[in-house]
Amino acid sequence: HAALSRRYVLCEVISEDPRCRQCIEDRVLGLAVRDAITRVHGDYGLACCSISFTVKYLNAYTGTVLLRCRKDSYRLLCSALPFVRHLESRGQRYPCSLNTLHVGGTIRTCQKFLIQYNRTQLLRMLQNCTNEEERQCIQKSLLSCSLTEEQSESGDEEDDDGTE
Amino acid sequence: RGPAGLGMAVAAFERRVLRNAAEHHYLRVRLELPDGGARPNAAQFKQLVVTALRELHGEVGAALPVDVLTYEEKTLSAILRVISSGLVKLWSALTLLGFYQNRRCAFRVLQFCLFFLSPNQTSPFLLALSGNSRELVLD
């Protein structure tokens, strides 16, 4: 039987409005992405992408979002992401855009990319510091980071939680 | 707008062979509006085709180059031309369209053609070469 292939799309939410961060929830993002797919690719596109579509991971602090979809429809999904213009939550709309960072076949490859990406982002933030206080803050954060081995390795390869 | 050629015995036809002869596909369609109300004019008909594409295939579908080559308001029949790669999108969109201005309607595809044969430059004449629709794939 054919293997169930999925694609994991890693993106970040870019917004000038700091209140947009509190909108970063799986339901809000799921709706925004689905709405964009409907506008760009119609009912057919929405139906294609909705199979196995889910928001797999979110980080409201960094604005990182990990989306999952079928391998057959990841192009429909990726081409619709630039058309997400705002996030809507509790009757409020905050303008934003989605920047695609990486497309991978497993959660693990996206995770590896994200770790590397965050490292470079932190270094860039350090370089762009405007005052000494910020610099000290970031340096302290960086130095206090440590990698802890997880005791129970929950297989996060091809995550198959049965949700279609 | 060049016609694609086939060898024909009749003297009235001209043989012309184009390099990319199958660039466009042609559909002869008829709109069924059973309620007997006002009929759409040519512009409204085109708008309806674009609307059908937009509903099923979104803005990308609506941007598909589709031309209404002929339209007869009395019978609501038309010949549509679409770029070859867009045939499946167009056909599926027409099939699934159910309403025109909140009135029940349906598109009937009467004929599907690969080539458009012209006996001379001034009067277009459609020759049906049926394509095998089972080979069509939506990608």
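Residues numbered from 1 in each chain as written. Chains lettered and ligands numbered in written order. Predicted model: local features only at pLDDT ≥ 70, side-chain atom pairs only at ≥ 80, totals over all residues. Heavy atoms only, no water.

Engineer: Please provide a residue-by-residue account of unusual backbone geometry, values included.
Structural biologist: Residues and elements named next belong to chain A. The residue serine 52 is not glycine, and still its phi comes out positive at about 65°. Mapped onto the fold, serine 52 is located in the loop between α1 (26-50) and β2 (54-59). Judged by relative accessible area, serine 52 falls into the buried class, the value being 0%. Not every positive phi belongs to a glycine, and arginine 90 is a case in point at roughly 50°. (Helix = DSSP H or I, 4+ residues; strand = E, 2+ residues; numbered from the N terminus. Buried < 20%, exposed > 50% of the residue type's maximum accessible area, 1.4 Å probe, protein only.)

Engineer: An account of the sheet that holds strand β1 (residues 24-32) of chain B is needed here, citing residue identities and associated values.
Structural biologist: Strand pairs in the sheet, formed through backbone hydrogen bonds, run parallel or antiparallel to each other. Residue and element names in this part refer to chain B. One open sheet holds the four strands; their spatial order is β2-β3-β1-β6, and the pairing between them is antiparallel. Looking at the sheet topology across the chains shown, the edges are occupied by β2 (66-72) and β6 (106-113). Pairs of neighbouring strands in the sheet enclose a mean axial angle of 25°, with direction left out of account. Inspection of the sheet shows β1 paired to strand β3 (residues 77-83) by seven bridges, in the antiparallel sense. Directly across from histidine 25, in β3, lies its bridge partner valine 82. On the sheet, helix α1 (residues 42-62) packs against β1, β2, β3 and β6 and is oriented at approximately 140° with respect to β2. Across the sheet, helix α2 (residues 87-95) lies against β1, β2, β3 and β6, angled at about 5° from β1, the strand it touches most. (Pairing = 2+ DSSP bridges. Axes fitted to C-alpha atoms, helices over the stretch in contact; angles between N-to-C directions. Contact = heavy atoms within 4.5 Å.)

Engineer: Kindly report on the sheet that holds strand β1 (residues 6-14) of chain A, identifying the contributing residues and their values.
Structural biologist: Residues and elements named next belong to chain A. Taken together, four strands build an open sheet; the order of strands is β2-β3-β1-β6 and the sheet is antiparallel. Either end of the sheet is taken by a strand with one partner, and the two such strands are β2 and β6 (97-104). Each strand of the sheet is rotated relative to its neighbour by a mean of 25°, with strand direction disregarded. Note that β1 and strand β3 (residues 64-70) share seven bridges and pair antiparallel. For arginine 6, the partnering residue across the bridge sits in β3 and is arginine 70.

Engineer: Run through the domain arrangement of chain A, naming residues and quoting values.
Structural biologist: Residue and element names in this part refer to chain A. Looking at the assigned domains, one finds that chain A contains domain 1 (1-105) and domain 2 (107-149). On a C-alpha basis, the centroid separation for the pair domain 1 and domain 2 is 25 Å. Between domain 1 and domain 2, the residue contacts involve eleven residues of the former and six residues of the latter. Three residues stand out in domain 1 for area buried against domain 2, namely Leu10, Leu101 and His102, and they jointly supply 45% of the buried area on that side. The tally of links between domain 1 and domain 2 comes to zero salt bridges. Contributions of two or more residues to the side of domain 1 that touches domain 2 are made by β1, β2, β3 and β6. Of the residues belonging to the side of domain 1 that touches domain 2, the class tally is five nonpolar, four polar and two charged. (Domains from an automatic or database assignment. Buried area = accessible area lost by both parts, 1.4 Å probe. Salt bridge = Lys/Arg side-chain N within 4 Å of Asp/Glu carboxyl O. Nonpolar A, V, L, I, M, F, W, Y, C, P; charged D, E, K, R; others polar.)

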